[in-house]
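Architecture and fold: a report
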Amino acid sequence: MCGIIGYTGEENGVLDVLLTGLSGLEYRGYDSAGVAVADSSLAIHKREGEVSALEDALPDGSVSGEAGIGHTRWSTHGPPSDYNAHPHTDCSGHVAVVHNGIIENYQALRDDLETNGHTFDSDTDTEVVPHLIEDALEEGADHEAAFRQAVDRLDGSYAVAAVFATSETVYAA
Ligand code: GLU
């Protein structure tokens with residue numbers, strides 16, 4: 001069973017909060033872990049394996065920001081791997097998404113998105129979400145409206161959280 005944590009707050013404290021939160025969720029079981037921290041761009045780090053493997057892979061002292069999300073994955077769509085670990089992003093790298101559960105209609109959504117030029121980096125059902133958000137942003141929606149419009153397109157059972165490169169807000173549904 002996966003775990004999700006989101007945090008917005010004191011500058012330079014985000015990564016510590018996310019990693020402490022992920023450590024506290026380890027008892028639920030998982031196969032990979034990752035974080036995204038927003039600081040005018042998105043710093044994304046993810047690894048197959050334990051949270052300690054993610055921590056070992058982090059660059060020393062260079063991840064700071066004021067909002068972030070973290071995830072421990074229990075894979076349902078795509079094998080455990082670095083590239084299937086969450087967070088997932090849109091084509092431009094402007095939004096990062098973590099997700100718990102299953103998006104039943106992901107294949108139809110993915111087919112439409114790929115037809116419209118989106119490229120995917122993972123096997124997951126989750127990755128449709130950041131691309132749906134990207135489309136909504138391009139059509140003029142603000143961050144909250146884009147997140148809401150993307151979630152409205154999903155069938156299934158899920159918890160989902162997102163951060164944007166240029167915002168201190170964490171969105172969740
Ligand atoms: N279905 C998603 C995946 O396979 C999320 C799995 C989970 O709940 O961790 O990546």
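Residues numbered from 1 in each chain as written. Predicted model: local features only at pLDDT ≥ 70, side-chain atom pairs only at ≥ 80, totals over all residues. Heavy atoms only, no water.

1. Remarks on the sheet that holds strand 1 (residues 3-8)
On the basis of which strands lie adjacent, the open sheet formed by four strands has the order 1-4-2-3 and antiparallel pairing. Pairing within the sheet leaves two strands with one partner each, and these edge strands are strand 1 and strand 3 (42-48). Here the average twist between neighbouring strands, direction ignored, is 5 degrees. In terms of strand pairing, strand 2 (residues 32-38) meets strand 3 through seven bridges, oriented antiparallel. Across the sheet, Val35 pairs through a bridge with His45, a residue of strand 3. Sitting on the sheet, helix 1 (residues 14-24) is in contact with strand 1, strand 2 and strand 4 (67-73), with an inclination near 155 degrees to strand 2. (Pairing = 2+ DSSP bridges. Helix = DSSP H or I, 4+ residues; strand = E, 2+ residues; numbered from the N terminus. Axes fitted to C-alpha atoms, helices over the stretch in contact; angles between N-to-C directions. Contact = heavy atoms within 4.5 Å.)

2. Observations concerning the packing of helix 4 (residues 128-138) against helix 5 (residues 143-152)
With their axes 8 Å apart at the nearest point, helix 4 and helix 5 run at an angle of 130 degrees to one another. With respect to each other, helix 4 and helix 5 are oriented oblique. Like other packed secondary-structure pairs, helix 4 and helix 5 cross with a definite hand, here right-handed. Within the contact between the two elements, helix 4 uses Val129, Leu132, Ile133, Ala136 and Leu137 and helix 5 uses His143, Ala146, Phe147, Gln149 and Ala150. Looking at side-chain class alone, the contact of helix 4 with helix 5 contains eight nonpolar, two polar and no charged residues. (Parallel < 35°, antiparallel > 145°, perpendicular 65-115°, else oblique. Left-handed = near helix turned anticlockwise from the far one by under 90°. Nonpolar A, V, L, I, M, F, W, Y, C, P; charged D, E, K, R; others polar.)

3. Some thoughts on the nonpolar core
Val97, Val128, Val129, Ile133, Phe147 and Leu154 are the most contacted members of the largest nonpolar core, which has 22 residues in total. Elements with a contribution of two residues or more to this core: strand 6 (95-103), helix 3 (106-115), helix 4, helix 5 and strand 7 (156-164). If one sorts the elements of this core by residue count, helix 4 sits on top with five residues. In contact with Val129, not counting residues within four places along its chain, are Val97, Ile103, Ala150, Leu154 and Val160. The next biggest cluster of nonpolar side chains, apart from the first, holds 15 residues, and it includes Ile5, Leu19, Ala33 and Val63. (Core = buried A, V, L, I, M, F, W, Y, C linked by side-chain atoms within 4.5 Å. Buried < 20%, exposed > 50% of the residue type's maximum accessible area, 1.4 Å probe, protein only.)

4. Some remarks on the pattern of salt bridges
For the coordinates displayed, the defined rule picks out two salt bridges. Close ionic contact of Glu114 with Arg110 constitutes a salt bridge, the shortest N to O distance being 3.3 Å. One end of the pair is Glu114 and the other is Arg110, both in helix 3 and four residues apart, which spans about a single turn. Its relative accessible area of 35% is what places Glu114 among the partly exposed residues. Look at Arg110 and you get buried, because its relative accessible area is 14%. Here Glu144 makes a salt bridge to Arg148, at a shortest N to O gap of 3.0 Å. Note that Glu144 and Arg148 are positioned in helix 5 at a spacing of four residues, about one turn of the helix. Judged by relative accessible area, Arg148 falls into the exposed class, the value being 53%. (Salt bridge = Lys/Arg side-chain N within 4 Å of Asp/Glu carboxyl O.)

5. Here we look at unusual backbone geometry
Following His86, the chain continues to Pro87 via a peptide bond in cis, the omega torsion being 10 degrees. Mapped onto the elements of the fold, Pro87 is located in the loop between strand 4 and strand 5 (88-89). Located in the positive-phi region is Ser40, a residue other than glycine, with phi close to 70 degrees. Relative to the helices and strands, Ser40 is located in the loop between strand 2 and strand 3.

6. Let's talk about the packing of aromatic side chains
Enumeration according to the criterion identifies two aromatic pairs in this entry. Ring centres of Phe147 and Tyr171 lie 5.9 Å apart, and the angle between their planes is 40 degrees; this geometry places the pair in the tilted category. A residue pair is termed long-range when its members are at least 10 positions apart, and Phe147 in helix 5 and Tyr171 in strand 8 (residues 170-172) qualify at 24 residues. Judged by relative accessible area, which is 5%, Phe147 ranks as buried. Pairwise contacts between aromatic rings join Phe147, Phe164 and Tyr171 into one cluster. (Phe/Tyr/Trp six-rings, centres within 6.5 Å; stacked < 30°, edge-to-face > 60°.)

By themselves, these are just geometric observations and shouldn't be taken as functional.
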